[in-house]
Amino acid sequence: MTGHDGDTERTFAALPPAHGRGFAQTWWGQAWLRALEDAALDSQQVKTGRRIARAGAVGAVSVRPGRITAVVQDVDRTAHRADVLLAELSAEQWDRLLDMAVERAGHVAALLDREMPPHLIEDAASAGIELLPGLGDLEPECDCGAWDHCGHTAALCYQVARLLDQDPFVLLLMRGRGEHSLLEDLQDRSAAPMEEAPEPEGVDAAEAYAAGDILPPVPEPTELPEKPGSPPSLDTEAPPGPGVDPVAVRHLAARTAVEAHQLLAEALRRSSERPAVPGLTAAQDAVRLAVDAPDPALTERLANGSGRDPQSLADATRAWRLGGAEALSVLEEEWAPSGDTLARARAALDSAWDEDERPSLRAEGNRWTAVDAPAQVRLGRDGRWWPYRHERERWILAGPAALDPATALSSAELSSAEPQR
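Just so it is clear, the structure is predicted and the values come from calculations on it, not from any experiment.

Calculation notes
- Along each chain, residue indices are assigned from 1 in the same order as the chain's sequence is written.
- For a predicted model such as this one, the threshold for reporting local features is a pLDDT of at least 70, and the threshold for listing and counting side-chain atom pairs is 80 or more; totals across whole chains, interfaces and linings nevertheless cover every residue.
- Side-chain descriptors were evaluated using all non-hydrogen atoms of the structure, hydrogens and water having been removed beforehand.
- Helix and strand assignments follow DSSP, with helices taken as H or I runs no shorter than four residues and strands as E runs no shorter than two, numbered in order from the N terminus.
- For every residue, the accessible area obtained with a 1.4 Å probe (protein chains only) is divided by the maximum for its type, and the residue is called buried under 20%, exposed over 50%, and partly exposed between those limits.
- Pairs of residues are marked as contacts when any of their non-hydrogen atoms sit within 4.5 Å.
- For accessible areas, the Shrake-Rupley method is used with a probe of radius 1.4 Å. Any residue's cover is judged against the shown protein chains and nothing else.
- Two strands qualify as a pair provided that DSSP identifies no fewer than 2 bridges between them.
- Each aromatic pair joins two rings of Phe, Tyr and Trp (for Trp, the six-membered one) with centres within 6.5 Å, and gets the label stacked for planes under 30 degrees apart, edge-to-face for over 60, and tilted for any other angle.
- The criterion for a charge sitting over a ring is simple: Lys NZ or Arg CZ within 6 Å of the ring centre, and within 35 degrees of the ring normal.
- Note that His is not counted, nor are the chain ends; the positive residues are Lys and Arg, and the negative ones are Asp and Glu.
- One speaks of a salt bridge when a side-chain nitrogen belonging to Lys or Arg is within 4 Å of a carboxyl oxygen belonging to Asp or Glu.
- Counted as a polar contact is a pair of N or O atoms within 3.5 Å, where, for protein atoms, one must be capable of donating a hydrogen and the other of accepting one, and residues adjacent in sequence contribute only when both atoms are in side chains.
- Lines fitted to the C-alpha atoms define the axes, with helices restricted to the stretch that makes contact. Angles between their N-to-C directions range from 0 to 180 degrees.
- The predictor reports its confidence for every residue as pLDDT, a score running from 0 up to 100.

Considerations on the overall build of the chain
At step 1: When helices and strands are counted, the chain shows 15 helices and 11 strands.
At step 2: With 421 residues in all, the chain has 38% of them scored as buried.
At step 3: Residue pairs in contact within the chain that sit at least 24 positions apart in sequence constitute 64% of those at least 6 positions apart.
At step 4: Carbon and sulfur atoms make up 52% of the accessible area of the chain, which totals about 24200 Å².

Shown next, in the form of C-alpha cells:
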C-alpha cells in the first residue's frame, strides 16, 4: 500500500505479474471472482481481463466506499480508466453488522488476523446483510465505452481479488467503512455499559482473593527475537573427545536454535489452533539436519545414514526448504487416491482450466504428467498440488504447493523454461 487519505480511501501500488499463480487463494477472494465470472455476459472479455491482469498491466488501485478505480493498459498499450461499483451498506445495516460482530469475539480477532470468518458472512446474511458481492453486484464503468464488463474492468476485478486475499478490510471499505473507524465503532460497542446484573450469591471473588496471599503480577509475554541465537563457540584448546565431530556438533546446535525460534514464534502466534507436527522418522530428520549443512563430509554422513545418495539427498533438502515434511513426503511417496479424494482431485482438474486451455495429462497414482512438456503436478495428502519439472532424468520439486492444479502446472512449466544451473 502506498498510502491512504484518512480512512475513506486506500491506494495500493500496482502488483507484479501473476505468472504461475491463481488470482484468489482465499475463499472470500474466490467468491469475489465468482460474482464477476457468473454475471459477465461475454466470457471472452473475462478471459481477456484475466490475461491483462496476469501480465501486470493494472496500475495502482484506489479503493473508496462504493467504488474501486485503476488505470488499465490494453493489449495495444492504450490506457483506460476502469471503475467497478459496489453498493454501500446503509447506516442501519452497519449497526446490525457491528452488533453481531461484538457478540462474537472471534469475528473481530479473525479480521485483525486479516481473515474473513465464514460465520461473520453467514450471520450477516441471516440478518439480510450481504457483505460479499453476488450476481450482478459488481457494476462496471470504463472509458472504452463498453456497457457490460470489458477486459479492463474484468482485469481490475482480478487484481482486487489479490488485494482481498491479503486484507479483507478492503471489502469492508468498499461497503462503506474504513478499518480505523470500523475498529473504533467495535471498541465503543464492546465498552458500552451492560445492564446491571443481579447480585450473585456466595463469596465475592475479589474479597476472597484480597484475603489471601498477594501474588506478584503476571509477567509480560516474551518478545520474539528477530532471529535465532548463535550457539557458543567450540574453539577451545582442549581436543574433542573420542567420536565427537566438532563440525557436526556446531551444525546440530545451530539447527536446534532455529527450531527453538520457530517453536517460540508458534507459541506467541495469535492463532494457536494449528495441528501439531507429527514426529519425524530418522530418514526425514536426516533431511531436516542436512538443510544448510556446512560441511560436505557431514552431508555425506547424513545421506548414508538415511539410505540416500548425495543427489537424492540434495533433492530432498530442496523439497524440505519449499514445504517441510509434507513436501518431502510428496517427493518420495507415490500413492493412489481413491474414493472422495480421487473424486475431488478429478473435479479440481476438470475445473482448473477453460475447455480450450486444458492440457493433456497422463495420470499415474497421485501424479499427473504433461504429455507435451517436462512438467508434472503431484497431489499431496493434504489436498494441495505440488509442481515438478523433469531435469537430468529425474523429477524435482519446482516450487511451493498451490491450491489448484493449474497454478502448480504453470509454475512447473515456467521453471522448466528457465535456464537451469
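A look at the pairing of strand β3 (residues 61–64)
Moving residue by residue along a regular strand, the side chains alternate between the two faces of the sheet.
At step 1: Relative to β3, strand β2 (residues 9–12) runs antiparallel, the two being bridged by three bridges. By the bridge assignment, Arg10 is partnered in β3 with Val63.
At step 2: Of the pairings in the sheet, the one linking β3 to strand β4 (residues 67–73) comprises three bridges and is antiparallel in character. In the sheet register, Arg64 faces β4, and the bridge partner there is Arg67.
At step 3: From the end of β3 to the start of β4, which pair antiparallel, there are two residues, and Gly66 there has a positive phi angle of about 85 degrees.

Considering the packing of aromatic side chains
At step 1: Tallied over the full model, the rule gives three aromatic pairs.
At step 2: Ring centres 5.1 Å apart and planes at 55 degrees place the aromatic pair Phe23 and Tyr158 in the tilted group. A residue pair is termed long-range when its members are at least 10 positions apart, and Phe23 in the loop between β2 and α1 (27–39) and Tyr158 in helix α6 (residues 151–166) qualify at 135 residues. Here Phe23 matches Tyr158 in class, with each residue buried.
At step 3: The interplanar angle of 90 degrees and the centroid separation of 5.9 Å between the aromatic rings of Trp27 and Trp28 together place this pair among those described as edge-to-face.
At step 4: Using a relative accessible area of 7% as the deciding quantity, one classes Trp28 as buried.
At step 5: One cation-aromatic arrangement involves Arg378 over Tyr388; the distance from NZ or CZ to the ring centre is 3.9 Å.

Topic: the side chain of Arg378
At step 1: In this structure, Arg378 sits in strand β9 (residues 375–379).
At step 2: As a buried residue without a salt bridge, Arg378 has its nearest oppositely charged side chain in Glu334, at a separation of 7.4 Å.
At step 3: In terms of polar contacts, Arg378 uses its side chain to reach the backbone carbonyl oxygen of Leu331, at 3.2 Å.
At step 4: A distance of 2.6 Å separates a polar atom in the side chain of Arg378 from a polar atom in the side chain of Gln376.
At step 5: Dropping the residues within four chain positions of it, Arg378 is found in contact with Val330, Leu331, Asn366, Arg367, Arg384, Trp385, Trp386, Tyr388 and Trp395.

Things to note about the sheet that holds strand β7 (residues 361–364)
At step 1: The five strands lie next to each other as β7-β8-β9-β10-β11, forming an open sheet whose pairing is antiparallel. Edge positions in the open sheet fall to β7 and β11 (394–397), since each of these has one partner strand only. Strand-to-strand twist across the sheet, computed as the mean angle between neighbouring axes with direction ignored, equals 30 degrees.
At step 2: Where β7 meets strand β8 (residues 367–370), four bridges bridge the pair, whose relative direction is antiparallel. Bridging from a neighbouring strand, Glu364 pairs with Arg367 of β8.

Regarding the confidence of the model for the chain
At step 1: Per-residue confidence for the chain gives a mean pLDDT of 79; residues scoring 70 or more make up 81%.
At step 2: Below a pLDDT of 50 lies the segment residues 1–5, which in the model reaches 10 contacts outside its immediate sequence neighbourhood of four places, other chains included.
At step 3: Across residues 271–277, where pLDDT falls below 50, the model places two contacts with residues more than four positions away in sequence or in other chains.

As for the environment of Arg381
At step 1: Within the fold, Arg381 resides in the loop between β9 and β10 (385–391).
At step 2: A residue is classified by how much of its surface remains accessible, and Arg381, at 53% relative accessible area, is exposed.
At step 3: Between the alpha carbons of Arg381 and Glu326 there is a distance of 8.3 Å; along the sequence they are 55 residues apart.
At step 4: Those residues in contact with Arg381, other than ones at most four positions away along the chain, are Glu326, Glu333 and Trp335.
At step 5: Polar side-chain contacts of Arg381 include one of 2.6 Å to the side chain of Glu333.

Here's the deal with the side chain of Gln159
At step 1: Within the secondary structure, Gln159 is located in helix α6.
At step 2: Gln159 gets classed as buried once you look at its relative accessible area, which sits at 1%.
At step 3: With sequence-adjacent residues up to four places away left out, Gln159 is seen in contact with Leu15, Phe23, Ala53, Val58 and Val61.

Section: the pattern of salt bridges
At step 1: For the structure on display, the rule yields 17 salt bridges.
At step 2: Between Glu92 and Arg96 there is a salt bridge, with the nearest N and O atoms lying 2.6 Å from each other. Of this pair, Glu92 and Arg96 both sit in helix α3 (residues 91–103), separated by four residues, roughly a single helical turn.
At step 3: Given a relative accessible area of 29%, Arg96 falls into the partly exposed group.
At step 4: What you see here is one network of salt bridges that share partners, running through Arg67, Arg81, Asp83 and Glu141.

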